[in-house]
Amino acid sequence: FLASESAGRNHSYARRLQSEKKDAEAMEILKDVAKRYPDTVFAHLSNARIKSAAGDFAGAAEDAKKAQAAAVSEQQKTNIKTLIERLAAKQDINK
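Reading the values: rules and limits
- Residues numbered from 1 in each chain as written.
- Predicted model: local features only at pLDDT ≥ 70, side-chain atom pairs only at ≥ 80, totals over all residues.
- Heavy atoms only, no water.
- Axes fitted to C-alpha atoms, helices over the stretch in contact; angles between N-to-C directions.
- Helix = DSSP H or I, 4+ residues; strand = E, 2+ residues; numbered from the N terminus.
- Parallel < 35°, antiparallel > 145°, perpendicular 65-115°, else oblique.
- Left-handed = near helix turned anticlockwise from the far one by under 90°.
- Contact = heavy atoms within 4.5 Å.
- Core = buried A, V, L, I, M, F, W, Y, C linked by side-chain atoms within 4.5 Å.
- Buried < 20%, exposed > 50% of the residue type's maximum accessible area, 1.4 Å probe, protein only.
- Expected span 1.5 Å × (residues − 1).
- Arc of directions from axis to C-beta.

Asks: Hey, could you run me through the packing of helix 2 (residues 23–36) against helix 3 (residues 41–53) in this one?
Replies: Axes are the key here: two packed helices are described by the angle between their axes and the distance separating the axes. Direction vectors running N to C along helix 2 and helix 3 enclose 140°, while the axes themselves pass 8 Å from each other. Relative to helix 3, helix 2 is oriented oblique. Where helix 2 crosses over helix 3, the handedness of that crossing is left-handed. Packed against helix 2, whose contacting residues are M27, L30, K31, V33 and A34, the element helix 3 presents F42, A43, S46, N47, R49, I50 and A53 at the interface.

Asks: Explain the nonpolar core to me, please; I cannot follow it from the model alone.
Replies: The tendency in soluble globular proteins is for nonpolar side chains to be buried as a group. In terms of nonpolar packing, the biggest core is built from 24 residues, with V33, V41, L45, A64, I80 and L87 touching the most fellow members. Elements represented by at least two residues in this core include exactly helix 1 (2–19), helix 2, helix 3, helix 4 (57–70) and helix 5 (74–88). Once you skip the residues sitting within four places of it in the chain, L45 turns out to touch H11, A67, I80 and L83.

Asks: Sorry if this is basic, but what is going on with helix 5 here?
Replies: The periodicity of an α-helix, 3.6 residues per turn, causes residues three or four positions apart to be oriented the same way. Over its 15 residues, helix 5 runs 21 Å from end to end, which matches the ideal 21 Å to within 8%, given 1.5 Å per residue. Along helix 5, the residues classified as buried are Q76, I80, L83, I84 and L87. One face of helix 5 carries all of its buried residues, which in axial projection span an arc of 100°. In helix 5, the exposed positions angled more than 90 degrees off the buried face are occupied by E74, Q75 and A88. Those residues of helix 5 that are buried are in contact with helix 3 and helix 4. Trailing helix 5 by a residue or two, K90 shows a phi angle of about 60°, which is positive.

Asks: What am I meant to see in the environment of E5 here?
Replies: With respect to the element layout, E5 can be found in helix 1. Judged by relative accessible area, E5 falls into the partly exposed class, the value being 36%. Distance in space between the C-alpha atoms of E5 and E62 is 23 Å, their sequence separation being 57 residues.

Asks: Where do I start with helix 2 in this structure?
Replies: End to end, helix 2 covers 20 Å across 14 residues, agreeing with the expected 20 Å (1.5 Å per residue, within 8%). Along helix 2, the residues that are buried comprise A26, M27, I29, L30, V33 and A34. End-on, the buried residues of helix 2 take up no more than an arc of 165°, which puts them together on one face. Across from the buried face of helix 2, at angles greater than 90 degrees, the exposed residues are A24 and K35.

Such coordinate-based values are descriptive only and should not be taken to indicate function.
Put into C-alpha cells, the structure is as follows:
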C-alpha cells in the first residue's frame, strides 16, 4: 500500500508540474514512477502519459487499459475511461 501511496503522490506532483508548463521535469518524474512502482495503477498511467506525449496514442491506450484494470476505486476507473476515450480520438492526455 505504501508504494502505491508514494507512486500516487509522485504522479500528482508530475501532473502539477505539467499544469505549470514544466513538461520536461514532469516527464522525468513520470518515468521514475513507472520504473520504481511497476504494476501499480500510477506506473501504467505514467507510461500512458509518456507515450501520449510522444504521439503513441495506441501504446498509451494499452497502458491506460492496464491502469484501469489495476484501479481500486470506481472513480479512478471512470477517470481512466475518459483518458482511454481521449486517446482513441488521438488527443494528448497531458493537455
